[in-house]
Amino acid sequence: MRTAMFSTKPYDRRSFEDQGPNHEIAWLEPRLSAETASLAHGFEAVCLFVNDDANADVLSILAGGGTKLVALRCAGFNNVDLAAAERLGIAVVRVPAYSPHAVAEFTIGLLLAIVRRIHKAYTRTRESNFALDGLLGFDLHGRTAGIIGTGRIGAIVARILASGFGCRVLAHDIHRDGTLEAAGVRYATIDEIIAESDVISLHCPLTPQTHHLLNPASFARMREGAIVVNTSRGALIDTEAAIEALKSGRLGGLAIDVYEQEADLFFEDLSAEIIQDDTLQRLMMFPNVLVTGHQAFFTREALAAIAKTTLANIADFAAGRELANAVRAAAVRG
Ligand code: NAI
């Protein structure tokens, strides 16, 4: 099936080509938007990544050009207007799980880096500054870690923190995972997690219910010096509120792999550009903030699994088979 792949990077192309030749894929570098949607004219499928914008207007341009399938090469689907896709007769598929370990392990990496100031130490020692002032951290052992969202990724993070580090782990999810409870994780309300946790890690999807889950009121109720890690979706955190909480010292550290306004920035080399996003620039000025550019998924294993499942999703659609990885508006609303 002829597929237009938006936001293609060389590593995407390599991982798809490693799965075998002749996939009828057009490798398009631009991000999908109303301006670029016409590039998919005549393609029955489009393949999208996290910052491609498949809003209702874009989907209607795609439908007008003959597109019948949106194949997301990621797990999250907050960037697709599912109701509009349904109206326009466009099916949506995704890769629900490619390597939850990739994201969970990276989350732990970010957490350790921010708690022990490893990001600061790295730049210091490169300039032969071996002083320790300003690098004081704390033991994770015995601390309370709050995990919001205990799906595939959050559950792994919870287990690593509970059994690997000896943290007391509190969790919140709309569905409880009994196996986690058996492993010593205690489910709690969001309010309890916010009030009691030394470190909080976000692993729930971005939905209208979770938008700005961490907001001025939540930061105000956190423990003094609490650490927040977000490898899920940027808009789970009200960034301006996080900045205020960092300024007051209430928030003791922030490590984010995702950012509310990342769509115009992430995945590009902008090192020679003047960044216009004052909020992100302000955030990156704090010594206790670590920002990475949506790389938690970026392992060899994950890229291979993404390519394999995406191609299988497209082949299923082309053959008229049932779509095991379909995302439907009704299911999400329910
Ligand atoms: P998942 O679907 O397995 O787990 C999400 C969990 O969140 C589920 O258990 C669900 O019940 C829970 N949840 C839903 N609404 C909630 C709410 N209102 N409050 C609390 N919990 C709620 O998803 P998975 O694979 O664990 O991924 C988690 C998130 O990580 C994804 O939504 C995606 O946005 C993000 N992600 C980020 C990547 C990166 O590279 N930074 C890569 C892959 C995923």
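Provided above is the structure to which this section pertains.
Below you will find a few notes about this structure.

Conventions used here
Residues numbered from 1 in each chain as written. Predicted model: local features only at pLDDT ≥ 70, side-chain atom pairs only at ≥ 80, totals over all residues. Heavy atoms only, no water. Helix = DSSP H or I, 4+ residues; strand = E, 2+ residues; numbered from the N terminus. Rg over C-alpha atoms; globule rule 2.2 N^0.38 Å. Contact = heavy atoms within 4.5 Å. Areas by Shrake-Rupley, 256 points an atom, 1.4 Å probe, with all protein chains shown as cover. Lys, Arg positive; Asp, Glu negative; His and termini not counted. Charge placed at Lys NZ, Arg CZ, Asp CG, Glu CD. Near = heavy atom within 4 Å. Polar contact = N/O pair within 3.5 Å; in protein donor to acceptor, adjacent residues only side chain to side chain. Nonpolar A, V, L, I, M, F, W, Y, C, P; charged D, E, K, R; others polar. Phe/Tyr/Trp six-rings, centres within 6.5 Å; stacked < 30°, edge-to-face > 60°. Buried < 20%, exposed > 50% of the residue type's maximum accessible area, 1.4 Å probe, protein only. Expected span 1.5 Å × (residues − 1). Pairing = 2+ DSSP bridges. Axes fitted to C-alpha atoms, helices over the stretch in contact; angles between N-to-C directions.

## Looking at the overall build of the chain
Logical step 1: When helices and strands are counted, the chain shows 13 helices and twelve strands.
Logical step 2: A globule of 334 residues ought to have a C-alpha radius of gyration of about 20 Å, and the chain, at 21 Å, matches this closely.
Logical step 3: Counting only C-alpha atoms, the chain reaches 60 × 50 × 35 Å along its principal axes.
Logical step 4: Put simply, 65% of the contacts in the chain that link residues at least 6 apart link residues at least 24 apart.
Logical step 5: Carbon and sulfur atoms make up 52% of the accessible area of the chain, which amounts to about 15,900 Å² in all.
Logical step 6: Across the chain, 31 positive and 39 negative side-chain charges occur, with their mean positions spaced 4 Å apart.

## Brief notes about the site of the ligand
Logical step 1: Within the structure, the ligand sits among 22 residues, and Tyr98, Arg152, Ile153, Asp173 and Thr231 are positioned closest to it.
Logical step 2: Contact distances for the ligand include 3.5 Å between an oxygen atom and a backbone N or O atom of Ser232.
Logical step 3: Computed on the free molecule, the ligand has an accessible area of 860 Å², of which 86% lies beneath the protein chains in the complex.
Logical step 4: A per-class count over the shell around the ligand returns eight nonpolar, ten polar and four charged.

## Details of the packing of aromatic side chains
Logical step 1: For the structure shown, the criterion picks out five aromatic pairs.
Logical step 2: Both rings, one in Tyr11 and one in Phe298, keep their centres 4.6 Å apart while their planes meet at 70 degrees; by these two values the pair is edge-to-face. Of the two residues, Tyr11 is situated in helix 1 (residues 10-17) and Phe298 in the loop between strand 12 (289-291) and helix 12 (300-318); the sequence distance between them amounts to 287 residues.
Logical step 3: Assessed through its relative accessible area of 22%, Tyr11 is described here as partly exposed.

## Side note on the side chain of Asn325
Logical step 1: Within the secondary structure, Asn325 is located in the loop between helix 12 and helix 13 (329-333).
Logical step 2: Of the residues examined, Asn325 reaches a relative accessible area of 16% and is grouped as buried.
Logical step 3: At 2.9 Å, the side chain of Asn325 forms a polar contact with the side chain of Asn313.

## Examining helix 6 (residues 152-164)
Logical step 1: With 13 residues, helix 6 should cover 18 Å at 1.5 Å per step; its first-to-last C-alpha distance of 18 Å lies within 8% of that length.
Logical step 2: Within helix 6 the residues assigned to the buried category are Gly154, Ala155, Ile156, Val157, Ala158 and Leu161.
Logical step 3: The inward-facing, buried residues of helix 6 abut helix 4 (100-116), strand 6 (144-148), strand 7 (168-172), helix 7 (178-182) and strand 9 (199-202).
Logical step 4: Count one or two residues on from helix 6 and you reach Gly166, which has phi positive near 75 degrees.

## Concerning the sheet that holds strand 4 (residues 69-72)
Logical step 1: On the basis of which strands lie adjacent, the open sheet formed by five strands has the order 2-1-3-4-5 and parallel pairing. Only two strands of the sheet have a single neighbouring strand rather than two, namely strand 2 (25-27) and strand 5 (91-93). Sheet twist, expressed as the mean angle between neighbouring strand axes with direction ignored, is 20 degrees.
Logical step 2: Alignment of strand 4 against strand 5, held across three bridges, turns out to be parallel. Of the residues in strand 5, the one forming a bridge with Leu69 is Ala91.
Logical step 3: Running at roughly 160 degrees to strand 4, helix 12 makes contact with strand 1 (3-5), strand 2, strand 3 (45-48), strand 4 and strand 5 of the sheet.

## Things to note about the side chain of Thr210
Logical step 1: Position of Thr210 relative to the elements: it lies in the loop between strand 9 and helix 9 (216-221).
Logical step 2: Judged by relative accessible area, Thr210 falls into the buried class, the value being 12%.
Logical step 3: Within polar-contact distance, the side chain of Thr210 engages the backbone oxygen of Pro205 at 2.7 Å.
Logical step 4: A polar side-chain atom of Thr210 sits 2.8 Å from the main-chain amide nitrogen of Thr207.

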